[in-house]
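Chain by chain, the residues:
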Amino acid sequence: MNEDEIADKVYEERERIVDLYRNGPGDGTIIDPVDDPAFNDYYKLDRFGFIIGDESKFKKEDPQEIKIEVTREQKWLKMISNWDGLSREKLRRRVYKGIPNSLRGKVWAKLLEVDQLTDDQKNKYKHMCELAWEHSPDVRQIDLDVNRTYREHINFRKRYNFKQQELFNILSAYSIYNLDIGYTQGMSQIAALLLMYLSEDEAFWALCNLISHNKYHMHGFFIPGFPKLIRFQDHHDKIMNKLLPKLKKHLDKNGVETGLYTLKWFFQCFLDRIPFKLTLRVWDTFLLEGDKILSAMAYCLLKLHRHQLYALGMDDILNFLQVKLEQNYQHTADYTIEKLQECLIELKKHKLDNAGLPSPSEKLKRELGIFNPDDIPIRKPQINGVDKKRKPINTDQTHSSPEQDSQRQGSIITNGKNSLDDVSSIVGDSSRRSLLDTSVTSAATTTMSPQSIQNDDAGSDVTCVSPQPDVLRIYVPYDTPTKKSPTSVSNKITTIQVMDEIATPTVETDGMFKAVSTIN
């Protein structure tokens, strides 16, 4: 297959994927049952919209909790109506007590200043979507991840439904909006969480603020090299050595390094690592306080469970921190948040509440929302000398709102399953072999220490950080071949090398997909 044929294939594949999300599958479209799981004949939803297939695992909500939350709703409605006049201390006190789930979307929008962004940049999101549908090199990887993101949630259960369309649109638009990052696996679950409580436009701007605002600055988590992840893991080690030295020695003795269990704690603010109900409470505080919550909550979890961890060996420690904490958490959400507040005070006392200033490598290099097709390694192929044009957007298309979604939700209990967008697996049951066979992306597993994956192009390198078994799937876009001009001299060969003095690199090639891994 020559470069012209590959370029045509890439363009046609993107067209096909975008069309499925914009217009839905046609009558003749065959969707693999694995990609579109059916509902059980009998199922229940927990309060947050997760499907409980096994009725024996369904737990009714505590009536006392319902009563308390209803009471709080009235107070929060008054606070929302007088948001600008609200004192910081009162807001902080109420957030730690708990935001009513019915009003969580409104409060998150206020905390993330979504209204101001949507007013200041009207139609910007729609424009970014149009550009992404035409130019984004990340469409295929986004499609892969949408298909495995929160599939046990009612909103994302049906393949190509409204919520999957909205998730696809947000991630595609952001891949063009922020060219420093494009799209990185792990972003899909964060965007999906936002979509559970915000409209499509609101969720996009909320994601923008989470990544670029100084309070959260998740930009450093997603750019090549993951400099913020390294900074926060180093800071976590300082906290452990100072305040939990006995547990730190126990973990070190069993070979449990910080990178083995903190990846999703920091990278996605504890998604899939603690019960969803508690995750929401942690996200409430994260949106209020900023990224210092990440270090404090990591310390809080280890401090609360240190006695259980003392009795465990390496494999059991990792299973406890990555699986059991989410499936069989022993403390209430209220108790945990109380302890989180105490941990924040303790860390501040020891001057460990802040992980330090971002390094220059964590900061934005390019202006957000400014797009030049020359910045994207994919160029539209021409058919018979004429550029292929996309169909105009159907502006009448409707999308479900959080209020409509909430009507389908009904008692607080986590579904007890990891998300299908789990960044702890590179290729699992949720992966689709058909897409991997024709993918123009590569995936690199992470290793015990920072590794570089480089190609021959200057300035094109991706550093993978964090060890197995909490493996991060890293999207490494190749320079997709474009139409050659008549003056092209030769084809440039792109190679990938994994540099490591200890590990032996292996590159498995399957069609156009390359899985890069290391074997220790």
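Residues numbered from 1 in each chain as written. Predicted model: local features only at pLDDT ≥ 70, side-chain atom pairs only at ≥ 80, totals over all residues. Heavy atoms only, no water.

A. Inspection of the overall build of the protein at higher detail. Within the protein, the secondary structure is distributed over 21 helices and 11 strands. Counting across all 520 residues of the protein, residues that qualify as buried make up 55%. Within the structure as shown, the protein displays about 23,800 Å² of accessible surface, and the carbon and sulfur contribution to it stands at 49%. (Helix = DSSP H or I, 4+ residues; strand = E, 2+ residues; numbered from the N terminus. Buried < 20%, exposed > 50% of the residue type's maximum accessible area, 1.4 Å probe, protein only. Areas by Shrake-Rupley, 256 points an atom, 1.4 Å probe, with all protein chains shown as cover.)

B. Local environment of the nonpolar core. In this structure, Leu194, Leu210, Trp265, Phe270, Trp283 and Phe286 are the most contacted members of the largest nonpolar core, which totals 123 residues. No other element matches the 10 residues that helix 16 (residues 292-304) contributes to this core. Not counting residues up to four positions away in its chain, the partners in contact with leucine 194 are Trp108, Leu112, Ala203, Ala206, Leu207 and Leu210. (Core = buried A, V, L, I, M, F, W, Y, C linked by side-chain atoms within 4.5 Å. Contact = heavy atoms within 4.5 Å.)

C. Focus on the pattern of salt bridges. Summed over all chains, the structure comprises 21 salt bridges. Residues arginine 140 and glutamate 13 are paired through a salt bridge, measuring 2.3 Å at the closest nitrogen-oxygen approach. In this pair, arginine 140 is assigned in helix 7 (residues 139-146) and glutamate 13 in helix 1 (residues 3-23), connecting sequence segments 127 residues apart. Glutamate 13 matches arginine 140 in its accessibility class, with the two residues each being buried. (Salt bridge = Lys/Arg side-chain N within 4 Å of Asp/Glu carboxyl O.)

D. How the structure looks around helix 15 (residues 276-289). Compared with an ideal rise of 1.5 Å per residue, which puts 14 residues at 20 Å, helix 15 spans 20 Å between its outermost C-alpha atoms and is within 8% of the ideal. With 13 of 14 residues buried, helix 15 lies mostly within the body of the structure. Once helix 15 finishes, glycine 290 follows within two positions and takes phi at roughly 100 degrees, a positive value. (Expected span 1.5 Å × (residues − 1).)

E. Here's a closer look at unusual backbone geometry. The phi dihedral of cysteine 269 falls on the positive side, at around 50 degrees, and the residue is not glycine. Among the structural elements, cysteine 269 can be located in the loop between helix 14 (263-267) and helix 15. With a relative accessible area of 0%, cysteine 269 lands in the buried category.

F. Focus on the packing of aromatic side chains. All told, the structure shown has 23 aromatic pairs when counted by the stated rule. An angle of 70 degrees between the planes, with centres 5.1 Å apart, marks the rings of tyrosine 21 and tyrosine 160 as edge-to-face. Of this pair, tyrosine 21 sits in helix 1 while tyrosine 160 is found in the loop between helix 7 and helix 8 (162-177), placing the two residues 139 residues apart along the sequence. Taken together, a centroid distance of 4.0 Å and an interplanar angle of 0 degrees make the contact between tyrosine 21 and phenylalanine 168 stacked. Residue tyrosine 21 is located in helix 1, and its partner phenylalanine 168 is located in helix 8; the two are separated by 147 residues in the primary sequence. Residue classification places tyrosine 21 among the buried positions, given a relative accessible area of 1%. The ring of tyrosine 310 is capped by lysine 246, whose NZ or CZ atom sits 4.7 Å from the centre of that ring. (Phe/Tyr/Trp six-rings, centres within 6.5 Å; stacked < 30°, edge-to-face > 60°. Lys NZ or Arg CZ within 6 Å of the ring centre and 35° of its normal.)

G. Structural detail: the side chain of histidine 305. With respect to the element layout, histidine 305 can be found in the loop between helix 16 and helix 17 (306-310). A relative accessible area of 2% places histidine 305 in the buried class. Residue contacts for histidine 305: discarding those within four places in its chain leaves Phe320, Leu325, Tyr329 and His331.

H. Expanded view of the packing of helix 12 (residues 227-243) against helix 13 (residues 245-253). The interhelical angle for the contact between helix 12 and helix 13, taken along N-to-C directions, is 120 degrees, at an axis separation of 5 Å. One element, helix 12, and the other, helix 13, form an angle in the oblique class. Every residue of helix 13 that contacts helix 12 at Asp237, Met240, Asn241, Lys242 and Leu243 is listed here: Pro245, Leu247, Lys248 and Leu251. (Axes fitted to C-alpha atoms, helices over the stretch in contact; angles between N-to-C directions. Parallel < 35°, antiparallel > 145°, perpendicular 65-115°, else oblique.)

I. Inspection of the environment of tyrosine 43 at higher detail. Along the polypeptide, tyrosine 43 turns up in the loop between helix 1 and strand 1 (44-45). Excluding residues that lie within four positions of it along the chain, tyrosine 43 makes contacts with Ile51, Ile52 and Ile154.

J. The arrangement of a positive patch on the surface in detail. On the surface, a cluster of positive charge is contributed by Lys75, Lys78, Lys90, Arg93 and Lys97. For the positive patch, the secondary-structure elements that each account for two or more residues are helix 2 (63-81) and helix 3 (88-97). With three residues, helix 3 is the largest single contributor of residues to the positive patch. The topology assignment puts lysine 90 in helix 3. For lysine 90, a relative accessible area of 31% gives the class partly exposed. (Patch = residues over 30% accessible without salt bridge, like charges linked within 9 Å, V, L, I, M, F, W, Y side chains within 5 Å. Lys, Arg positive; Asp, Glu negative; His and termini not counted. Charge placed at Lys NZ, Arg CZ, Asp CG, Glu CD.)

K. Examining the packing of helix 1 against helix 7 more closely. Following both chains from N to C, one finds helix 1 and helix 7 inclined at 40 degrees, their axes separated by 9 Å at the closest point. With respect to their mutual orientation, helix 1 and helix 7 come out oblique. Considering only the axes of helix 1 and helix 7, their crossing is left-handed. Seen from helix 1, the contacting residues are Glu13, Arg14, Ile17, Val18 and Tyr21; seen from helix 7, they are Val139, Arg140, Asp143 and Val146. Residues belonging to the contact of helix 1 with helix 7 are distributed by class as follows: five nonpolar, no polar and four charged. (Left-handed = near helix turned anticlockwise from the far one by under 90°. Nonpolar A, V, L, I, M, F, W, Y, C, P; charged D, E, K, R; others polar.)

L. The arrangement of the confidence of the model for the protein in detail. For the protein, mean pLDDT is 76; residues scoring 70 or higher make up 70% of the total. The spread of mean pLDDT over the elements of the protein runs between helix 21 (residues 433-438), the lowest at 26, and helix 16, the highest at 98. (pLDDT = per-residue confidence, 0-100.)

M. Region of the structure containing the environment of lysine 351. You can see lysine 351 is positioned in the loop between helix 19 (333-349) and strand 3 (382-383). The spatial distance from the C-alpha of lysine 351 to the C-alpha of isoleucine 239 is 9.9 Å, given a sequence separation of 112 residues.

N. Geometry of the environment of alanine 38. By secondary structure assignment, the location of alanine 38 is in the loop between helix 1 and strand 1. Note on alanine 38: relative accessible area 62%, which makes it exposed. A sequence separation of 119 residues divides alanine 38 from arginine 157, and the C-alpha atoms of the two residues are 8.4 Å apart.

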